[in-house]
Amino acid sequence: MTILEGWDSEAWIEGPWIHRSPRRPAVRPRLLAEATLLPWLAPQLPLPVPVPELTDSGVRHLMLPGSPFTDGRTAIGRELGAFLKALHAVDLVEAVARGALDAATADAEKASFLEDCRTQIVPLLPAEARTRALDLLDRVARVRTSLIHCDLGPDHILMTDGRITGIIDWTDAVIGDPALDLCWPLNDAPAAVRAGLLDVYQPTADQVERAADWARLSPWYGVHRGLLLNLPDDVADGLRDVLSRL
C-alpha cells in the first residue's frame, strides 16, 4: 500500500484504486461531493477526470495513468483550452445540484480569506505597496460565472507520452471566476502552452487581466498558511513573492 499525504486529504493505492479520506472535518463534505459531481461532469469534458464512488472512509476512483505535467508543446495548450472551454460552459444550476460549491457560499468563504489578507498580510507590506495590494484584493472578489476546477496547475495535469491523460483533484470545484483556471496556463506555463490555450479558448482581454490578478494573488495563500501555522520562514518567503508580483 502506498500512502500519499496532501493538505486536504490522505490517499492510498490499493490495486487499481486510489482511496482518499479527509484530513480535516471541513474537507469531508467537499471530498464526498466529488462522488456526485464528477460522474455527471466527466461525459461533458474532452479529457479524462476521476469518477469517484463513496466508501466508508471517503471516496475511491480508478487510477488515471500518467505523471504530473512534463510537456510544454502548443498541442498541450490546445488540449487544455478545449477542456477549460467545455468545463466553463456546463450548466451552473445542475453543477450545484450535483455538488459544486454554490456562488453564495464560495463568496462567503472567499470574503473571509480576503479579510484575513487585508488585516493580517497587508500591514506586513511596505507602506508604498499597500494601496496596490488592497486594489488587487478588491478586484479578485468580483466575478462568479462558471464552474471552475479552482486549482488547475502542473501537479493536477497528468500526462503520458506527450498527451494529457487526466485532470485530477476536484475537491475545490466551485462556481467562480473562469480566469482562475486560466491563471497557470497564461502566466506560469511554457510560452507554447499559453499560445495553444489562447488559440482554442480565446479569452477576452478582461479574462486575461483577471488571470494575471490571480497569479498576483497566488503567493498570498502561502503567507496566510504560514501565519496560520506559525511558519515564519514561509511568511517571509511568501511576502517577497507577494511584493515581486504586485
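Here's what I pulled together on the structure shown here. Predicted model only: the values in this text are computed from it and were never measured. (Residues numbered from 1 in each chain as written. Predicted model: local features only at pLDDT ≥ 70, side-chain atom pairs only at ≥ 80, totals over all residues. Heavy atoms only, no water.)

**Some details on the pairing of strand S2 (residues 9-14)**
Right, on to step 1. With six bridges connecting them, S2 and strand S3 (residues 17-22) associate as antiparallel partners. The partner of Glu14 across the bridge, within S3, is Trp17.
Right, on to step 2. The antiparallel hairpin formed by S2 and S3 contains two residues in its connecting segment, where Gly15 sits at a positive phi of about 60°. (Pairing = 2+ DSSP bridges. Helix = DSSP H or I, 4+ residues; strand = E, 2+ residues; numbered from the N terminus.)

**Digging into the pattern of salt bridges**
Right, on to step 1. For the structure on display, the rule yields 17 salt bridges.
Right, on to step 2. Where Arg60 meets Glu53, a salt bridge forms, and the shortest distance between an N and an O atom there is 2.7 Å.
Right, on to step 3. For Arg60, a relative accessible area of 23% gives the class partly exposed.
Right, on to step 4. When its relative accessible area of 33% is taken as the criterion, Glu53 is described as partly exposed.
Right, on to step 5. One connected set of salt bridges, linked through shared partners, spans Arg139, Glu209, Asp213 and Arg216. (Salt bridge = Lys/Arg side-chain N within 4 Å of Asp/Glu carboxyl O. Buried < 20%, exposed > 50% of the residue type's maximum accessible area, 1.4 Å probe, protein only.)

**A look at the sheet that holds strand S8 (residues 157-160)**
Right, on to step 1. Taken in spatial order, the three strands of this open sheet run S6-S8-S9, and their pairing is antiparallel. Either end of the sheet is taken by a strand with one partner, and the two such strands are strand S6 (67-68) and strand S9 (163-167).
Right, on to step 2. Inspection of the sheet shows S8 paired to S9 by four bridges, in the antiparallel sense. Residue pairing for S9: Leu158 is matched across the bridge by Gly166.
Right, on to step 3. Sheet strands touched by helix H2 (residues 74-87): S8 and S9. Its angle to S9, the strand with the most contacts, is close to 35°. (Contact = heavy atoms within 4.5 Å. Axes fitted to C-alpha atoms, helices over the stretch in contact; angles between N-to-C directions.)

**A look at the packing of aromatic side chains**
Right, on to step 1. Applying the stated rule across the entire model yields three aromatic pairs.
Right, on to step 2. Geometrically, the ring pair formed by Phe69 and Trp184 is edge-to-face, given 5.0 Å between the ring centres and 80° between the ring planes. Here Trp184 lies in helix H6 (residues 178-187) and Phe69 lies in the loop between S6 and H2, a separation of 115 residues in the sequence.
Right, on to step 3. Ring centres of Phe113 and Tyr221 lie 4.4 Å apart, and the angle between their planes is 5°; this geometry places the pair in the stacked category. Note that Phe113 is positioned in helix H4 (residues 103-121) and Tyr221 in helix H8 (residues 205-228), a separation of 108 residues in sequence. (Phe/Tyr/Trp six-rings, centres within 6.5 Å; stacked < 30°, edge-to-face > 60°.)

**As for the pairing of S9**
Right, on to step 1. Of all the five residues making up S9, four are buried; the element is thus mostly covered by neighbouring parts of the structure.
Right, on to step 2. Hairpin geometry of S8 and S9 is characterised by an intervening segment of two residues between the two adjacent antiparallel strands and by a positive phi of about 50° at Asp161.

**Some words on the side chain of Ser21**
Right, on to step 1. Among the structural elements, Ser21 can be located in strand S3.
Right, on to step 2. According to the relative accessible area criterion, Ser21 is buried, its value standing at 11%.
Right, on to step 3. Setting aside chain neighbours within four positions, we find Ser21 in contact with Ser9, Glu10, Trp12, Leu31 and Ser57.

**Comments concerning the packing of H4 against H8**
Working note: a packed helix pair is described by the angle between its axes plus the distance between those axes.
Right, on to step 1. Packing of H4 against H8 leaves a shortest axis separation of 11 Å and a crossing angle of 75°. Taken together, the axes of H4 and H8 are roughly perpendicular relative to one another. Of H8, the residues touching H4 (which contributes Lys110, Phe113, Asp116, Cys117, Gln120 and Ile121) are Trp214, Leu217, Trp220, Tyr221, Val223, His224 and Leu227. (Parallel < 35°, antiparallel > 145°, perpendicular 65-115°, else oblique.)

**Re the nonpolar core**
Right, on to step 1. Counting residues in hydrophobic clusters, the biggest one holds 59 residues, and the most contacted among them are Leu41, Phe83, Leu147, Ile157, Ile167, Trp170 and Trp220.
Right, on to step 2. Dropping the residues within four chain positions of it, Phe83 is found in contact with Leu45, Pro46, Leu47, Val49, Ile167 and Trp170. (Core = buried A, V, L, I, M, F, W, Y, C linked by side-chain atoms within 4.5 Å.)

**A closer look at the environment of Ala82**
Right, on to step 1. Mapped onto the elements, Ala82 comes out in helix H2.
Right, on to step 2. Take Ala82: its relative accessible area is 31%, and that puts it in the partly exposed class.
Right, on to step 3. Placed 118 residues apart in sequence, Ala82 and Val200 show a C-alpha to C-alpha distance of 6.2 Å.
Right, on to step 4. Every residue in contact with Ala82, bar those within four places of it in the chain, is listed here: Pro46 and Val200.

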